[in-house]
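A structural walkthrough
Next come the chains, spelled out residue by residue.
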Amino acid sequence: MDAFHSRHRSRRLLLPLTTGLCAIALVSGCSGEGYGSPEPGVTTTASSRQGPVSQPSGDDLQAQYEAVIKNVLPSVVQIQASNSLGSGVVYDSKGHIVTNAHVVGAERRFRVTVATGEKPQGASLVAAYPQQDLAVIKLDTVPKGLRAATFGDSEKVEVGQIVLAMGSPLGLSSSVTQGIVSAVGRTVSEGSSGGGTGATIANMVQTSAAINPGNSGGALVNLNSEVIGIPTLAATDPDLGGGAAPGIGFAIPASMVKTIADQIIRYGRVIDSGRAALNITGRTVVDQNYQPAGVALVEVTRGGAAEKAGLRAGDVITRINDTPITTITSLSEALASDKPGQKVTVTYRRNGREATARVMLGEI
């Protein structure tokens, strides 16, 4: 299995959105970062794109917001671990709840506050999949009236769509903010510090909806009352002293959430990640100026993709197809949108000489 756990830092850092058990006054010790406020956009349908788009009145838009909140908020829960708070989404009528792997961490037991008004419920971990920062937990007892969320089609998510973010920011359960989808198809890497899993995740939904610590694992929802993503990462900017980069947040797309959650519920683990890998363990190497200069292969899995292509321990990967590779993070990002079985050209150095290999990718 590939090792994608680098401490390389780019200009914008991406941090998980859990929060410590601390006061709302944002005293020192609260983890995670927040976002800036968004401006609403206008959702269009396929048929409306043929002509002018009618602008809904303020009353109509408010009515849509209220309807979505009424439909979806009862499916969003607060998850309490021993030292942190996060959010989750009710996945089915059997009490399965999907959330982020960094919300559950290494723990197996949780207290879950649902929207039906009962006291916090006990829940157990079914399984976590840190490589995609997703996990499923299950309520010990399913309260009457528990409502499963409806998950949307990731292919229909478009830039400009109005979205609502629902969760428990700063421990304030059943909170809602609004914004738009500001980009799709982003590949981002989560920091391994501050409770993050170090995962690199492809096809994420970028949103301007205000998301704060505690929103991890909650719901990003469209105006059809469908969950289109699970808010996961907050952007911070070192130029702002490590503070929030306003209006930049990321959610795992609904398609990936369903793929991983369905496998965990059925098999107790993920048996088909759908994610490509070289099947190596590597580390970042630096040049004479101490700048990242490639990924050295520490170990090559026997029978894996890299070994079959002739790569071996000690080789230093510098390029995948036309993409320069300087760090473990850049390697994982280069492979994030590829699929197992796809062929790529790997450029590498061996004993000071450059060579290439055609590699059929394996699976994480």
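A quick note: this is a predicted structure, and the numbers were derived from the prediction, not measured. (Residues numbered from 1 in each chain as written. Predicted model: local features only at pLDDT ≥ 70, side-chain atom pairs only at ≥ 80, totals over all residues. Heavy atoms only, no water.)

1. Observations regarding the overall build of the protein
A tally of regular secondary structure across the protein gives five helices and 22 strands. In the protein, which comprises 364 residues, the share counted as buried stands at 51%. Pairs at least 24 apart in sequence give 65% of the contacts found in the protein among residues at least 6 apart. (Helix = DSSP H or I, 4+ residues; strand = E, 2+ residues; numbered from the N terminus. Buried < 20%, exposed > 50% of the residue type's maximum accessible area, 1.4 Å probe, protein only. Contact = heavy atoms within 4.5 Å.)

2. Focus on the pairing of strand β20 (residues 343–350)
Across four bridges, strand β18 (residues 316–320) lies against β20 in antiparallel orientation. The partner of I320 across the bridge, within β20, is V346. Pairing of β20 with strand β21 (residues 353–360), which is carried by eight bridges, proceeds in the antiparallel orientation. Residue pairing across strands places V344 opposite V359, the latter belonging to β21. Where β20 folds back onto β21 in an antiparallel hairpin, the turn is made up of two residues, including N351, whose phi is positive at roughly 55°. (Pairing = 2+ DSSP bridges.)

3. Some remarks on the pattern of salt bridges
Following the criterion strictly, the structure yields two salt bridges and no others. Note that R109 is salt-bridged to D140, the shortest N-O span being 2.7 Å. Placement of the pair is R109 in strand β6 (residues 109–113) and D140 in the loop between β8 (134–139) and β9 (162–167), with a sequence separation of 31 residues. A salt bridge links R350 to D315, with the nearest nitrogen and oxygen atoms 2.8 Å apart. Highlighted residues: R350 in strand β20 and D315 in the loop between α4 (305–308) and β18, separated in sequence by 35 residues. The class for D315 is buried, based on a relative accessible area of 1%. (Salt bridge = Lys/Arg side-chain N within 4 Å of Asp/Glu carboxyl O.)

4. Overview of unusual backbone geometry
Of note, the phi angle at N279 is positive, near 60°, even though the residue is not glycine. Inspection of the secondary structure assignment puts N279 in the loop between β15 (276–277) and β16 (280–286).

5. Concerning the side chain of Q263
The residue Q263 is located in helix α3 (residues 254–267) in this model. Sequence-distant contacts of Q263, defined by excluding residues within four places in its chain, comprise G268, R269, V270, I271 and D272.

Scope: geometric values only; no functional claims are made or implied.
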